[in-house]
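Coordinates in review
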Amino acid sequence: MPFVTTPDGVEIFYKDWGTGQPIVFSHGWPLSSDDWDAQLMFFVSHGYRVVAHDRRGHGRSAQVADGHDMDHYADDLAAVVAHLDLRDAVHVGHSTGGGEVVRYIARHGQDRVAKAVLISAVPPIMVQTEANPGGLPRSVFDGIQEQVATNRSNFYRELPATAFYGFNRDGVEPQEAVVQNWWRQGMAGGVKAHHDGVVAFSQTDFTDDLKKITVPVLVMHGDDDQVVPYADSGPLSAELLPNGTLKTYAGFPHGMPTTEAATINADLLAFVQG
């Protein structure tokens, strides 16, 4: 399998399919590059080169004990980009992956970046602080960490069956195969990485990072996102980005790249080609 070794010695698994302009996908917590199946197949069939990696401690990448923070996530992405010599790339990040994309561009520069897309993404910051009174209380994330550490398998079955895909909403038909695929991806990763990653996605403040990014950025967010609530995320990120555009999806859940793939893919394609 294809791997790149980061400067601190971590083996990162990646997929690299097709030719043409590269589109690089960064997945959400606690999943893997497999979560982008619908997008990878769509864009490779439209003549693009698609690249997606498993974050350290996730999927098929090394289950290391340390480095589960946004700086390391960004540096690992930079290692993949450098290894494959990707240029004029469009970076797409979902949820935690959106934070990874933002930190990567702000930390490593825009020379290789054409555009970026943030889907249901965690920036500017999820946790409630004096500067971010609309955020979620820290106790919410402490509870997630406790469940990951003590009851991960059950928690990874419950979350996709309810809030992640909106399967707990009236009139929404649950998709058991989607739930099981989420569980499969989650359980393939390391519990230490997932436990520590909760702090990375919830407490990292991306405000200054967003202000540094001048390439065009599309911010896509569903207004029924029960995981990364809409009002304290998408609109605020779009305002901080010098060249950001917000696209709001009425009634769409956090996991909309999977359950609403036809709509998301069409809008992504229009943005890439625009």
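Right above here is the structure, for reference.
What counts, and where the lines are drawn
- Residues numbered from 1 in each chain as written.
- Predicted model: local features only at pLDDT ≥ 70, side-chain atom pairs only at ≥ 80, totals over all residues.
- Heavy atoms only, no water.
- Buried < 20%, exposed > 50% of the residue type's maximum accessible area, 1.4 Å probe, protein only.
- Helix = DSSP H or I, 4+ residues; strand = E, 2+ residues; numbered from the N terminus.
- Pairing = 2+ DSSP bridges.
- Right-handed = clockwise from strand over helix to strand, strands pointing away.
- Polar contact = N/O pair within 3.5 Å; in protein donor to acceptor, adjacent residues only side chain to side chain.
- Contact = heavy atoms within 4.5 Å.
- Salt bridge = Lys/Arg side-chain N within 4 Å of Asp/Glu carboxyl O.
- Phe/Tyr/Trp six-rings, centres within 6.5 Å; stacked < 30°, edge-to-face > 60°.
- Lys NZ or Arg CZ within 6 Å of the ring centre and 35° of its normal.

1. Side note on the pairing of strand 4 (residues 49-53)
Sheet faces and side chains relate simply in a regular strand, where the side chains alternate between the two faces. Among the five residues that make up strand 4, five are buried, leaving the element largely enclosed by the rest of the structure. The two faces of strand 4 match: R49, V51 and H53 on one face and V50 and A52 on the other face are all buried. Of the strand pairs in this sheet, strand 2 (residues 11-17) and strand 4 are connected by four bridges, and their pairing is antiparallel. Each bridged residue has a counterpart across the sheet, and for W17 the counterpart in strand 4 is V50. Between the parallel pair strand 3 (residues 22-26) and strand 4, the chain is carried across by helix 1 (residues 37-45), and the sense of this crossover is right-handed.

2. Quick look at the side chain of R49
You can see R49 is positioned in strand 4. There is a polar contact of 2.8 Å between the side chain of R49 and the side chain of D16. Apart from the residues lying within four places of it in its own chain, the contact partners of R49 are D16, W17, G18, T19, G20, Q21, P22, I23, L84 and L86.

3. Describing the pattern of salt bridges
Taken as a whole and assessed by the stated rule, the structure comprises 19 salt bridges. The closest approach of N and O atoms between R103 and D71, which form a salt bridge, is 2.7 Å. Taken as a pair, R103 in helix 3 (residues 96-108) and D71 in helix 2 (residues 70-84) lie far apart in primary sequence, 32 residues in all. Looking at D71, the relative accessible area reads 28%, which means it is partly exposed. In this structure, the salt-bridge partner of R169 is D224, at a minimum N-O distance of 2.7 Å. Of this pair, R169 sits in the loop between helix 4 (138-161) and helix 5 (176-188) while D224 sits in the loop between strand 7 (217-222) and helix 8 (234-240), and the two are 55 residues apart along the sequence.

4. Side note on the packing of aromatic side chains
Summed over the entire model, instances satisfying the criterion amount to 14 aromatic pairs. Where F25 meets F43, the ring centres are 6.3 Å apart and the plane angle is 45°; that geometry is what we call tilted. Separated by 18 residues along the polypeptide, F25 in strand 3 and F43 in helix 1 bring together distant segments of the chain. Comparing F25 with F43, the two get one shared label, buried. A centroid spacing of 5.8 Å and a plane angle of 75° characterise the contact between F43 and Y48, whose relative ring orientation is edge-to-face. Take F43 and Y48: they sit in the same class, and that class is buried. Three or more aromatic residues link up through ring pairs in this structure, and these residues are W29, F141, F155, Y156, F164, Y165, F167, W182 and F201. A cation over a ring is seen here: R55 above Y73, with NZ or CZ 5.1 Å from the ring centre. Sitting over the ring of F271, K115 keeps its end group 5.0 Å from the ring centre.

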